[in-house]
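Listed below are the residues making up each chain.
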Amino acid sequence: MLSESTMMIVTPVLAFVFAAALAYGLGRIKTRLGLWALAVLWLVFTGVMSIGAATINGWDGVFYMLGLILVSVPAALGALLGGSFGWQRKEKTSHV
């Protein structure tokens, strides 16, 4: 079983890598709809977690804030980096 400190490192890294790989793939084939869908999914997750953190009383909101910090922020950074690198390295089409 993984300890809590290991999960504090593994969770953001996995969120970053998954979002970066997905955005890179979508950017490489230049699908704006896919990148927009990824952005909307991230906005919905961040909004739900923010509303949950604001409406909960006491220390229960800490888990929502940890979700925002450990999942939402790395996923956003990964999607931005992966999408921009993928968009720049689009597949070259050659008509032979």
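As a reminder, the structure under discussion sits directly above these lines.
Residues numbered from 1 in each chain as written. Predicted model: local features only at pLDDT ≥ 70, side-chain atom pairs only at ≥ 80, totals over all residues. Heavy atoms only, no water.

Draft legend 1. Examining the environment of Met7 more closely. Structurally, the position occupied by Met7 is in helix H1 (residues 4-28). Considered as a pair, Met7 and Leu70 are 63 residues apart in the sequence and their alpha carbons are 9.8 Å apart. (Helix = DSSP H or I, 4+ residues; strand = E, 2+ residues; numbered from the N terminus.)

Draft legend 2. A look at the environment of Gly78. For Gly78, the position within the fold is in helix H3 (residues 61-88). A residue is classified by how much of its surface remains accessible, and Gly78, at 0% relative accessible area, is buried. Along the chain, Gly78 and Met65 lie 13 residues apart, while their C-alpha atoms are 19 Å from each other. Those residues within four positions of Gly78 in sequence are excluded, and the remaining contacts are Phe16, Ala19, Ala20 and Gly83. (Buried < 20%, exposed > 50% of the residue type's maximum accessible area, 1.4 Å probe, protein only. Contact = heavy atoms within 4.5 Å.)

Draft legend 3. The arrangement of unusual backbone geometry in detail. Even without a glycine there, the phi angle at Lys30 is positive, about 55°. The class of Lys30 is partly exposed, set by a relative accessible area of 34%.

Draft legend 4. Representation of H3 in the model. Here H3 is 28 residues long and its end C-alpha atoms lie 39 Å apart, about the 40 Å a rise of 1.5 Å per residue gives. Most pronounced at Leu68, the bend in H3 amounts to some 30°. Of the positions making up H3, those classed as buried are Gly61, Gly67, Leu68, Leu70, Ser72, Pro74, Ala75, Ala76, Gly78, Gly82, Gly83 and Gly86. Where H3 is buried, its residues contact H1 and helix H2 (32-55). (Expected span 1.5 Å × (residues − 1). Bend = angle between axes of the 7 residues up to and from the residue.)

Draft legend 5. Representation of H1. Look at H1: 36 Å from first C-alpha to last across 25 residues, which is about the 36 Å you get at 1.5 Å a residue. Those residues of H1 lying buried are Pro12, Ala15, Ala19, Ala20, Ala23, Leu26 and Gly27. Tucked inside the fold, the buried residues of H1 contact H2 and H3. Two residues or fewer after H1 comes Lys30, characterised by a positive phi angle close to 55°.

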